[in-house]
Amino acid sequence: MDKYSHLTPSAGRSGYAVALTSDDVDLDAFTELLTPRGQEALARAGELAGADPVAAATTLRRTYDAALTSAALTQAGLRERAKAKFGEDAAVMYFTPHGLEQSTRAEVAEHRARRLQTMTRRTCEAPTGPEAESAAAPPTEPAAGKALHVVDACCGIGGDLLALARAGCAVTAVDTDPLTVAVAAANARALGVDDRVTVRAGDAARIRPEEYDVLFADPARRTGRGRTFDPMAYSPPWPVVLDLISRAGLACVKVAPGIPYEFIPEGAQTEWVSYKGEVKEATIWTGQGGGRGGRWTGRAAGRRATLLPGGHSLTAAGATATPAPVGPAGRYVYEPDGAAVRAHLVAEVAELVGGRLLDPLIAYITADDPVDTPWATRYEIEDILPFSLKKLRALLRERQIGNVTIKKRGSAVDIERLRADLRLKGGNSAVVILTRILDKPSVLLCKPLSPA
Ligand SMILES: C[S@@+](CC[C@H](N)C(=O)[O-])C[C@H]1O[C@@H](n2cnc3c(N)ncnc32)[C@H](O)[C@@H]1O
């Protein structure tokens, strides 16, 4: 294969596209990239970001061989792409295509590391009231003298281990893939935390969690056929993860936000985290949540939702939480954040806005007053009608609505098909919400959100 065939001018902002296959980065080429000559090639490739890809390759080839040219351009492209997850740090970090794709966004990893720090320094009693403390709340007791020793059982390129090390933890990290291990170690050096980090190639199943203060695991959710939603198909698979958890003092496992609830171990706290309104992950915390000697009890066990970057957290109001009331539509409809929905905390959000559900089984809240909350997006209802394409089309025509945002919960309607069938015309905008109200397919026509 031509060494540059994966660099195409279809590129995006980085100037050249990098195909998503790990074949584009190999251990030898990566090792060379870390030499002084490799660093020089990488710096040149970084300067050429945005240039025509073929011209960039031709320029580098005047000085470097094909392998180093390819490795440098690929790495520079990955750094550009990684800015969205790692911000300014991306400029000095190293990636593989899969490693970048699977890595935890810096803000989410930092949140988790802060929580771990907080948790191990104070009791894990959650605050009262549905709106709980920010995860970044300061510890109430001084840190124990020795750094917390965390084992990261499947570290990838190091998104989590870097945040843990920056939070002051000592981290021993393992990954089955030698290239990924080299990349994670290079990242620890690049960010100046290598004095606290040890990375080695190995299988998570051989880790002895008993030897560490904390087990962290972020199993791979990719198989040869793409992403998997089945924890039994994670790598390492779920039974291995459960075995590690059972032997750990305190464990923290990152999983897909859609993890089937039956996989969550008894007595664990599961935290669903969203970033800028998109649910990113769930984290299962088990073991001595209250620090050395503490346990997950009462409110601290169970479900928690966290919004980033704001750091707002919400916990279940108790093991036997009262379900949200159900009642007629008020002036507003509130769409709760996905983290609260996944954490089954819709009743708590309803309480925050003084609202009720439109339907007992659907996560749309209605209320009479406009309450500002980070936990839900609010729309003002203009009309409610039983779902009928003809009636909806007629109403939108009458109001000259040519631009709609369509949302749905509890509706099987195909949004794009509906949009085409509505044959929209006119200069006005609206939000159309398709749902069921007391089991009847219904449409809420709402005012568009005013720009923030
Ligand atoms: C989701 S990634 C970890 C991402 C990491 N937390 C980050 O933020 O960069 C999962 C990693 O697990 C590794 N892996 C898969 N099976 C493993 C096993 N049995 N033992 C150790 N590592 C494994 C994969 O090579 C992959 O790099």
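Residues numbered from 1 in each chain as written. Predicted model: local features only at pLDDT ≥ 70, side-chain atom pairs only at ≥ 80, totals over all residues. Heavy atoms only, no water.

As annotated in an unreviewed UniProt entry, the protein is Class I SAM-dependent methyltransferase from Nonomuraea maheshkhaliensis.

(A) Inspection of the overall build of the protein at higher detail. Of regular secondary structure, the protein possesses 13 helices and 21 strands. A separation of at least 24 residues holds for 68% of the contacts in the protein among residues at least 6 apart in sequence. As presented, the protein carries roughly 20,600 Å² of accessible surface, and 51% of it is formed by carbon and sulfur atoms. (Helix = DSSP H or I, 4+ residues; strand = E, 2+ residues; numbered from the N terminus. Contact = heavy atoms within 4.5 Å. Areas by Shrake-Rupley, 256 points an atom, 1.4 Å probe, with all protein chains shown as cover.)

(B) View of the packing of helix H3 (residues 53-61) against helix H4 (residues 66-86). Taken N-terminus to C-terminus, the directions of H3 and H4 make an angle of 135 degrees; their axes are 9 Å apart at the nearest point. Relative to H4, the element H3 lies oblique. For the pair H3 and H4, the crossing hand works out as right-handed. Contact residues: H3 offers Ala-56, Ala-57, Leu-60 and Arg-61, while H4 offers Ala-66, Thr-69, Ala-72 and Leu-73. Its residues assigned to classes, the contact of H3 with H4 comprises six nonpolar, one polar and one charged. (Axes fitted to C-alpha atoms, helices over the stretch in contact; angles between N-to-C directions. Parallel < 35°, antiparallel > 145°, perpendicular 65-115°, else oblique. Left-handed = near helix turned anticlockwise from the far one by under 90°. Nonpolar A, V, L, I, M, F, W, Y, C, P; charged D, E, K, R; others polar.)

(C) Representation of the state of the cysteines in the model. A complete count under the given rule lists zero disulfides for this structure. Cys-154 takes part in no disulfide bond, and the closest cysteine sulfur, belonging to Cys-155, lies 8.1 Å away. In this structure Cys-155 comes out as buried when scored by relative accessible area, which is 7%. (Disulfide = S-S within 2.5 Å. Buried < 20%, exposed > 50% of the residue type's maximum accessible area, 1.4 Å probe, protein only.)

(D) Examining the layout of surface pockets more closely. In this structure, the largest pocket spans a volume of roughly 1,100 Å³. Going through the elements one at a time, helix H5 (97-102), helix H7 (159-166), strand S5 (170-175), helix H8 (178-190) and strand S12 (278-287) are the ones with two or more residues in the lining of the largest pocket. Residue classes in the lining of the largest pocket are distributed as 16 nonpolar, 16 polar and 15 charged. Two domains share the lining of the largest pocket, each providing at least three of its residues, namely domain 1 (7-102) and domain 2 (106-315). (1 Å grid on protein atoms, 1.4 Å probe; cavity = no way out; pocket = protein on both sides within 12 Å on 5 of 7 lines; lining within 4 Å. Points joined across faces, edges and corners; volume = space filled by probe spheres on them. Domains from an automatic or database assignment.)

(E) Quick peek at H8. Across its 13 residues, H8 extends 18 Å between first and last C-alpha, which sits within 8% of the 18 Å expected from 1.5 Å per residue. Among the residues of H8, Leu-179, Thr-180, Val-181, Val-183, Ala-184, Ala-186, Asn-187 and Ala-188 are the ones counted as buried. In this structure, the buried side of H8 is in contact with helix H1 (27-33), H7, S5 and strand S6 (197-201). Of the residues flanking the end of H8, it is Gly-192, one or two places downstream, whose phi is positive at about 70 degrees. (Expected span 1.5 Å × (residues − 1).)

(F) Spotlight on the packing of aromatic side chains. Considering all chains together, one arrives at five aromatic pairs under this definition. Taken together, a centroid distance of 6.5 Å and an interplanar angle of 80 degrees make the contact between Trp-238 and Phe-263 edge-to-face. Residue Trp-238 is found in helix H9 (residues 238-247), and its partner Phe-263 is found in the loop between strand S10 (250-255) and strand S11 (269-275); the two are separated by 25 residues along the sequence. Among the residues examined, Trp-238 registers a relative accessible area of 2% and is labelled buried. Seen in terms of ring centroids, Tyr-261 and Trp-272 are 5.8 Å apart; in terms of plane orientation they differ by 45 degrees. Their pairing is tilted. Of the two residues, Tyr-261 is situated in the loop between S10 and S11 and Trp-272 in strand S11; the sequence distance between them amounts to 11 residues. One aromatic cluster in this structure is built from Tyr-234, Trp-238 and Phe-263. When the ring centre of Tyr-332 is taken as origin, the NZ or CZ atom of Arg-378, which lies over that ring, is 5.6 Å away. Across the ring face of Tyr-364, the terminal group of Arg-409 is positioned such that the distance to the ring centre comes to 5.4 Å. (Phe/Tyr/Trp six-rings, centres within 6.5 Å; stacked < 30°, edge-to-face > 60°. Lys NZ or Arg CZ within 6 Å of the ring centre and 35° of its normal.)

(G) Summary view of the environment of Leu-389. Looking at the element boundaries, Leu-389 is found in helix H12 (residues 389-398). When the C-alpha atoms of Leu-389 and Asp-421 are compared, they prove to be 7.9 Å apart, with 32 residues separating the residues in sequence. If near-sequence neighbours (up to four positions away) are discounted, Leu-389 is found in contact with Leu-418, Asp-421 and Leu-422.

(H) Spatial organisation of the site of the ligand. Taken together, 22 residues form the shell around the ligand, and within it Thr-104, Asp-175, Ala-204, Asp-218 and Ser-235 come nearest. In this structure, an oxygen atom belonging to the ligand sits 2.9 Å away from a main-chain N or O atom of Gly-159. A distance of 3.0 Å separates a nitrogen atom of the ligand from a polar atom in the side chain of Asp-203. Among the cavities detected, the one that contains the ligand is the largest pocket. Looking at the shell around the ligand residue by residue, the class counts come to eight nonpolar, 10 polar and four charged. (Near = heavy atom within 4 Å. Polar contact = N/O pair within 3.5 Å; in protein donor to acceptor, adjacent residues only side chain to side chain. Sits in = over half its atoms within 2 Å of the grid points.)

(I) The arrangement of the sheet that holds strand S15 (residues 332-336) in detail. Reading across from one edge, S16-S17-S15-S18-S21-S20-S19 is the order of the seven strands in this open sheet, with mixed pairing throughout. Each edge of the open sheet carries a strand with a single partner, namely strand S16 (356-359) and strand S19 (401-408). For this sheet, the mean inter-axis angle between neighbouring strands, taken without regard to orientation, is 45 degrees. Along the sheet face, H12 touches strand S18 (376-386), S19, strand S20 (428-437) and strand S21 (440-446) and points at about 110 degrees away from the line of S18. Helix H13 (residues 415-422) rests against S19 and S20 of the sheet, and its axis sits at about 155 degrees to S19. (Pairing = 2+ DSSP bridges.)

(J) Here's a closer look at the side chain of Gln-269. With respect to the helices, strands and loops of the structure, Gln-269 is situated in strand S11. Within polar-contact distance, the side chain of Gln-269 engages the side chain of Arg-115 at 2.9 Å.

(K) Representation of the pairing of S5 in the model. In terms of residue burial, S5 counts as a mostly covered element, since five of its six residues are buried. Pairing analysis gives four bridges linking strand S4 (residues 149-152) to S5, with the strands arranged parallel. Within the sheet, the bridge partner assigned to Val-151 lies in S5 and is Thr-172. Sheet topology note: the S5/S6 ladder contains five bridges and is parallel. Note that in S6 the partner of Asp-175 across the bridge is Ala-201.

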